[in-house]
Amino acid sequence: MILGQNQYGKAENRVVRIVRDGATHHIKDLNVSVSLSGDMDEVHLSGSNANVLTTDATKNTVFAFAKEHGIASAEQFGIHLARHFVTSRQSITTARIRVEEYAWERIETPGPKRHSFVRTNQETRTAQITYAGGPDGWQIISGLKDLVVMNSTDSEFRGYVKDRYTTLPETADRILATEVHARWRHSGTDGAEPEPGHWDRSYAQVREHLLHAFAETYSLSLQQTLYQMGARVIDKCPGIDEIRLSLPNKHHFLADLEPFGLKNDNEVYFAADRPYGLIEATILRDGAEAGIPADLTNL
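Reading the values: rules and limits
- Residues numbered from 1 in each chain as written.
- Predicted model: local features only at pLDDT ≥ 70, side-chain atom pairs only at ≥ 80, totals over all residues.
- Heavy atoms only, no water.
- Helix = DSSP H or I, 4+ residues; strand = E, 2+ residues; numbered from the N terminus.
- Expected span 1.5 Å × (residues − 1).
- Buried < 20%, exposed > 50% of the residue type's maximum accessible area, 1.4 Å probe, protein only.
- Arc of directions from axis to C-beta.
- Salt bridge = Lys/Arg side-chain N within 4 Å of Asp/Glu carboxyl O.
- Pairing = 2+ DSSP bridges.
- Axes fitted to C-alpha atoms, helices over the stretch in contact; angles between N-to-C directions.

### Observations regarding helix 2 (residues 55-68)
Between the first and last C-alpha of helix 2 there are 20 Å, a value that for 14 residues agrees with the 20 Å anticipated at 1.5 Å per step. T58, T61, V62, F65 and A66 are the residues of helix 2 that are buried. One face of helix 2 carries all of its buried residues, which in axial projection span an arc of 135°. In this structure, helix 2 carries K67 and E68 as exposed residues pointing more than 90 degrees from its buried face.

Take a look at the structure:
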């Protein structure tokens, strides 16, 4: 019997870092999961813990690093952690750090105090940093999830295959709505700390291109819209080699108002939350190889 791939760590460490700049405070709110692998066979085969860094220690490291290094960005915080775990113990050869970042918006009030916030109900920012040692051992995947967008027109769906089970009528004007889940892989990183604000600017640029491509595409299908969104990111962001998009189709169907003697001229819809179409694809830069898993469930 052979032991296959294995890993361990501490999942979902909720860390909130407050920076107090006089009366103005700044918040970083993260959910950090650490996963380590390497020379760990014996803990499985014989129960020897000689090479095991406790998961409690990995949790403590997350909180200590929030103090010692601060949290400039989800990506940079993950880089600090991954490098530490791989370089501090010979038995650990690979560290994978997954981060979710929750956004807070400042509540502006009269006077000098600026320490009140409200959670914004937009997307959740994500990052996955994997380090396997050496300057070429980095993989950095940024992303977002739960970004809900809608076009109230400029979308149609027709000309599709029809069989005995097809009941969906063709339409030349429909609502197109989806919840964007996107992950993009950065190229050429060696884990070095870039100029301040690099990761935040990169994230903002990708988000803007995704939104603009969604808004500017006259959609003949959600697949076409997905491709335009991903292609725009690859075209406009030279530091990104790959993007994976998962777009559930948030269906909106015209409500039947005829029983009430009313004409529904594309005005009143009911939103169906399930079942939903799920459209997924990866867009790659020419010459790049895919590195983002097809299943984004755990990424």
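### Some remarks on helix 5 (residues 222-236)
Between its terminal C-alpha atoms helix 5 stretches 21 Å, which fits the 21 Å expected from 15 residues at 1.5 Å a residue. Of the positions making up helix 5, those classed as buried are L222, T225, L226, M229, G230, V233 and I234.

### What to know about the pattern of salt bridges
Under the definition given, this model contains 15 salt bridges. For the salt bridge of K145 with E100, the shortest nitrogen-to-oxygen distance reads 2.5 Å. Note that K145 is positioned in strand 7 (residues 138-151) and E100 in strand 3 (residues 92-102), a separation of 45 residues in sequence. Note that R274 and D273 form a salt bridge whose closest N and O atoms lie 3.7 Å from each other. Judged on exposure class, the residue R274 and its partner D273 are both exposed. Beyond isolated ion pairs, a larger network of salt bridges with shared partners links K28, E75, E101, R125 and D200.

### Some remarks on the sheet that holds strand 12 (residues 278-284)
Ordered in space as 1-2-3-6-7-8-9-12, the eight strands form an open sheet in which the pairing is antiparallel. On the outer flanks of this sheet lie strand 1 (13-21) and strand 12, each paired with one strand and no other. Taking the axes of each pair of neighbouring strands and ignoring which way they run, one obtains an average angle of 20° across the sheet. As paired elements, strand 6 (residues 124-131) and strand 7 share eight bridges and run antiparallel to each other. Looking at the pairing, Q128 lines up with I141 of strand 7.

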